[in-house]
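Secondary and tertiary structure notes
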Amino acid sequence: VIQSINTQHTSDISALVLVEPNVLISASLDRTAIAWNLIDQGLNVYYYSKHLGAINDGIFLGNGLFATGDEVSKLNIWNYKDGSTLLIISTASAVTALSLVSQSSQLIAAGSQDGVVRIYSYANGLLFSELPPGHTDLVVGLVLFSFDTLVSTGQDGRIVVYNLPS
């Protein structure tokens, strides 16, 4: 063990997001996310607490931004450097998994409790696309396979490969 950090979360940690070589964000079912400086013995950099439900996933978006998705159908876009919330997107279902689709187009994929994958713009908060049905249960993982292909997995035991809209 190189380092052990008492995170101060009061529930399970659901996601870890590396935003810089020395800054890690822990997101938790306790509705909070905390940024940690790994060089300075785990010094807490920022505390993010705008979620009303448990945070299920988080990802780095680039350019100082990260996103968290929660169980009450909210997708939050944060500036990790100053701790501010830039945008809160209302989603159609609880967010269960996230993937960056395009940094240049500012698009993020959100897998949902209803089994649907939706793509949102984190520039304006609008729904960009709803992908064809692929799961019969909640989406548990998303990964961008190539610039035009997204792969998801769900509690239904399926792996679904999507062609992304242009």
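As a starting point, this report considers the structure included with it. What you are looking at is a predicted structure, and each value in this text was computed from that prediction instead of being measured.

Conventions we followed
- Residues numbered from 1 in each chain as written.
- Predicted model: local features only at pLDDT ≥ 70, side-chain atom pairs only at ≥ 80, totals over all residues.
- Heavy atoms only, no water.
- Helix = DSSP H or I, 4+ residues; strand = E, 2+ residues; numbered from the N terminus.
- Rg over C-alpha atoms; globule rule 2.2 N^0.38 Å.
- Buried < 20%, exposed > 50% of the residue type's maximum accessible area, 1.4 Å probe, protein only.
- Contact = heavy atoms within 4.5 Å.
- Areas by Shrake-Rupley, 256 points an atom, 1.4 Å probe, with all protein chains shown as cover.
- Lys, Arg positive; Asp, Glu negative; His and termini not counted.
- Charge placed at Lys NZ, Arg CZ, Asp CG, Glu CD.
- Pairing = 2+ DSSP bridges.
- Axes fitted to C-alpha atoms, helices over the stretch in contact; angles between N-to-C directions.
- Polar contact = N/O pair within 3.5 Å; in protein donor to acceptor, adjacent residues only side chain to side chain.
- Salt bridge = Lys/Arg side-chain N within 4 Å of Asp/Glu carboxyl O.

We now examine the overall build of the chain. Scanning the chain for helices and strands turns up zero helices and 15 strands. In terms of C-alpha radius of gyration, the chain reaches 15 Å, essentially the compact-globule figure of 15 Å for 166 residues. When its C-alpha atoms are laid out on the principal axes, the chain stretches across 45 × 30 × 30 Å. Evaluated residue by residue, the chain yields a buried proportion of 51% over its 166 residues. Long-range contacts, defined as pairs at least 24 residues apart, comprise 33% of the intrachain contacts of the chain with a sequence gap of at least 6. Carbon and sulfur atoms provide 52% of the accessible area of the chain, an area that totals close to 8,200 Å². Computed over 6 positive and 13 negative side-chain charges, the separation of the two mean positions in the chain equals 6 Å.

Spatial strand order, S9-S10-S11-S12: four strands in an open sheet with antiparallel pairing. With partners counted over all chains shown, the strands left at the sheet margins are strand S9 (95-102) and strand S12 (127-130), one partner each. Between one strand and the next, the sheet's axes are offset by a mean angle of 25 degrees, whatever the strand orientation. Two elements, strand S10 (residues 107-112) and strand S11 (residues 117-121), share five bridges in a ladder whose sense is antiparallel. Note on S11: the bridge partner recorded for Gly 111 is Val 117.

By the secondary structure assignment, Ser 90 is in strand S8 (residues 84-90). A sequence separation of 16 residues divides Ser 90 from Lys 74, and the C-alpha atoms of the two residues are 4.9 Å apart. Aside from chain neighbours lying at most four places away, what touches Ser 90 is Ser 73, Lys 74 and Tyr 120. One polar contact links Ser 90 to Lys 74, side chain to side chain, over a distance of 2.7 Å.

The subject of this paragraph is the pattern of salt bridges. One pass over the structure, following the stated rule, counts three salt bridges. Among the salt bridges present, the one from Arg 158 reaches Asp 156, with a minimum N-O distance of 3.5 Å. When salt bridges with common partners are traced through the structure, they connect Asp 114, Arg 118 and Glu 130 into a single cluster.

So, on to the pairing of S11. The element S11 is largely enclosed, with a buried count of five among its five residues. Burial along S11 is two-sided: the residues Val 117, Ile 119 and Ser 121 and Arg 118 and Tyr 120 are all buried. Hairpin connection between S10 and S11: a loop of four residues separates the two successive antiparallel strands, and Gly 115 in this loop has a positive phi of roughly 85 degrees. With three bridges connecting them, S11 and S12 associate as antiparallel partners. When the bridges of S12 are listed, Ile 119 appears paired with Ser 129. Counted between consecutive antiparallel strands, the loop separating S11 from S12 contains five residues, among which Gly 125 sits at a positive phi close to 80 degrees.

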